[in-house]
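Architecture at a glance
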Amino acid sequence: MNPSFARPVDRILVIKLGALGDFILAMGPFAAIRKHHADSRVTLLTTGPFVALAEMSGYFDEVWVDTRPGVWQIGAWWGLRRRLRAAGFRRVYDLQTSDRSGMYFRLFGRARRPEWSGIAPGCSHPHANPRRDDMHSIERQKEQLAMAGIADLPAPDLSWLDADITRFDLPERFALLVPGGAPHRPEKRWPGESYGALAGRLQARGIRPVVIGTAKETPVLATIARLCPEAVNLADRTDLADIAGLARRALLAVGNDTGPMHLLAAVGRPSLVLFSGASNPELSAPRGPAVELLRVARLNELSVERVEGALAPWFERVASSDGRP
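Now for a description of the structure that goes with this document. Residues take numbers from 1 onward in each chain, read along the sequence in its written order. At least 70 in pLDDT is required for a residue's local features to be given in this predicted model, at least 80 for side-chain atom pairs to be given and counted, and no such filter applies to totals for whole chains, interfaces and linings, which use all residues. Side-chain calculation: all heavy atoms of the structure are included, whereas hydrogens and water are not.

1. Some thoughts on helix H4 (residues 74-87)
It helps to recall that an α-helix has 3.6 residues per turn; residues three or four apart then point in one direction. By definition, any uninterrupted DSSP run of H or I lasting at least four residues is a helix, any uninterrupted run of E lasting at least two residues is a strand, and each is numbered from the N terminus. To estimate the expected span of a helix, count its residues, drop one, and scale the result by 1.5 Å. Counted at 1.5 Å a residue, the expected span for H4 with its 14 residues is 20 Å, and the 20 Å between its end C-alpha atoms agrees. Working definition: with a 1.4 Å probe on protein chains only, accessible area under 20% of the residue-type maximum means buried, over 50% means exposed, and in between means partly exposed. Among all positions in H4, only Trp77, Leu80, Leu84 and Ala87 are buried. Angular distribution of buried residues about the axis of H4 spans 100 degrees; they occupy a single face of the element. Summarising the geometry of H4, the exposed residues directed more than 90 degrees from the buried face are Gly75, Arg82 and Ala86. The arc in question is the one traced by the directions running from the helix axis out to the C-beta atoms.

Okay, here's the thing in structure tokens:
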């Protein structure tokens, strides 16, 4: 066929900016959109931290980085407007459904506005459910896509995400602890003293505690190290693929309501997620084949004994299967 008469490529845009937990929960919708538009060129608009993950997933033909310009950055807004308009997108799936992504809808202008799945006023395929904010992210996105004509939504699948973790030189029997969380939300974090005590009890069972996080968790990591010197500190030494690799080989994971727990849960590792009254697991809890939730009004009142008790069934499975869950 003469290239000059080739059929134009159908172009699709997906918008998902973050955070990590929300991005992991969107893996099912990503897969559904890719399958539904198998012959199209699918572009993702996201933020810098998720570019590598999106590229590894195989769901997208290209990934654009959203620099999230401030309202005063007029030049950046004009540049984004030109890029969106020039791409010739036929349809946009706005999985962010925020004020910012609603502004992107308006950047297209009426004359060049593509089909749009989301909540922007005037869009062609609105998620027309006034109770959408009362739904868990997965159910909300499932209904949104169904209203746009995509009925089959698989569970998040991270089978493609793994890494070689031999450089960490870990024993066969280890458990992951995730004591971090948003710095401005201390009420969502179990105290470092409690994690340290739990680490000691894991070590006493012959299970090496391995802590993951960032440098922002330095104080809590120091507390854990003081109470359990055997704990392995991998803070700031792991990327998202490393975390998935650790999860595939760990016995279990315990952590706060924070992004990495979504990744651990989606990989399929037995995961215990600690919730306070400050957040509602019915709206945003990690999903996976082996996730348990423990919710109390105030996490600083949650005892180590209660957490250890919640882990008891997994300990029994480990003990009855030669060290593997």
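2. Quick look at the pattern of salt bridges
We define a salt bridge as a side-chain nitrogen of Lys or Arg found within 4 Å of a carboxyl oxygen belonging to Asp or Glu. Here the structure, examined in full by the defined rule, presents 18 salt bridges. Of the charged contacts, one joins Lys35 and Asp152 as a salt bridge, the two residues approaching to 3.6 Å between their closest N and O atoms. With Lys35 in helix H2 (residues 27-36) and Asp152 in the loop between helix H6 (137-147) and strand E7 (174-178), this pair connects stretches of sequence that are 117 residues apart. Taken together, the salt bridges that share partners define one network made up of Asp10, Arg90, Arg91 and Glu115.

3. Here we look at the sheet that holds E7
When DSSP finds at least two bridges between two strands, those strands are taken to pair. Reading across from one edge, E9-E8-E7-E10-E11-E12 is the order of the six strands in this open sheet, with parallel pairing throughout. Strands at the two margins of the open sheet, each flanked by one partner only, are strand E9 (232-233) and strand E12 (291-295). The pairing of strand E10 (residues 253-256) with strand E11 (residues 271-275) spans four bridges and is parallel. Each residue of the ladder has a partner; that of Val254, found in E11, is Leu272.

4. As for the packing of H4 against helix H5 (residues 99-107)
Between two packed helices, the angle of one axis relative to the other and the distance separating the axes together describe the packing. Comment: axis = line fitted to C-alpha atoms, over the contacting stretch for helices; angle = value between 0 and 180 degrees taken between N-to-C directions. The N-to-C vectors of H4 and H5 enclose an angle of 65 degrees; their axes lie 9 Å apart at closest approach. Crossing hand, H4 versus H5: right-handed. Residues Trp77, Leu80, Arg81, Leu84 and Arg85 of H4 form the contact with H5, whose participating residues are Arg100, Met103, Tyr104 and Leu107. Class assignment of the residues belonging to the contact of H4 with H5 gives a composition of six nonpolar, no polar and three charged. Crossing handedness is read from the near helix: turned anticlockwise from the far helix by less than a right angle, it gives a left-handed crossing, and turned clockwise, a right-handed one. Should any heavy atoms of two residues lie within 4.5 Å, those residues are considered in contact. Side-chain classes follow a simple rule in which Ala, Val, Leu, Ile, Met, Phe, Trp, Tyr, Cys and Pro form the nonpolar group, Asp, Glu, Lys and Arg form the charged group, and the remainder, Gly included, forms the polar group.

5. Quick word on the packing of aromatic side chains
The rule is short: rings of Phe, Tyr and Trp, with Trp giving its six-membered ring, pair when the centres are within 6.5 Å, and they are stacked under 30 degrees, edge-to-face over 60, tilted in between. Throughout the structure, instances matching the rule amount to nine aromatic pairs. The interplanar angle of 70 degrees and the centroid separation of 5.0 Å between the aromatic rings of Phe105 and Trp116 together place this pair among those described as edge-to-face. Within this pair, whereas Phe105 is found in helix H5, its partner Trp116 is found in strand E5 (residues 115-118), the two being separated by eleven residues in sequence. Any Lys NZ or Arg CZ that is within 6 Å of a ring centre and within 35 degrees of that ring's normal is treated as a charge sitting over the ring. We note Arg205 situated over the ring of Phe315; from NZ or CZ to the ring centre the distance is 4.0 Å.

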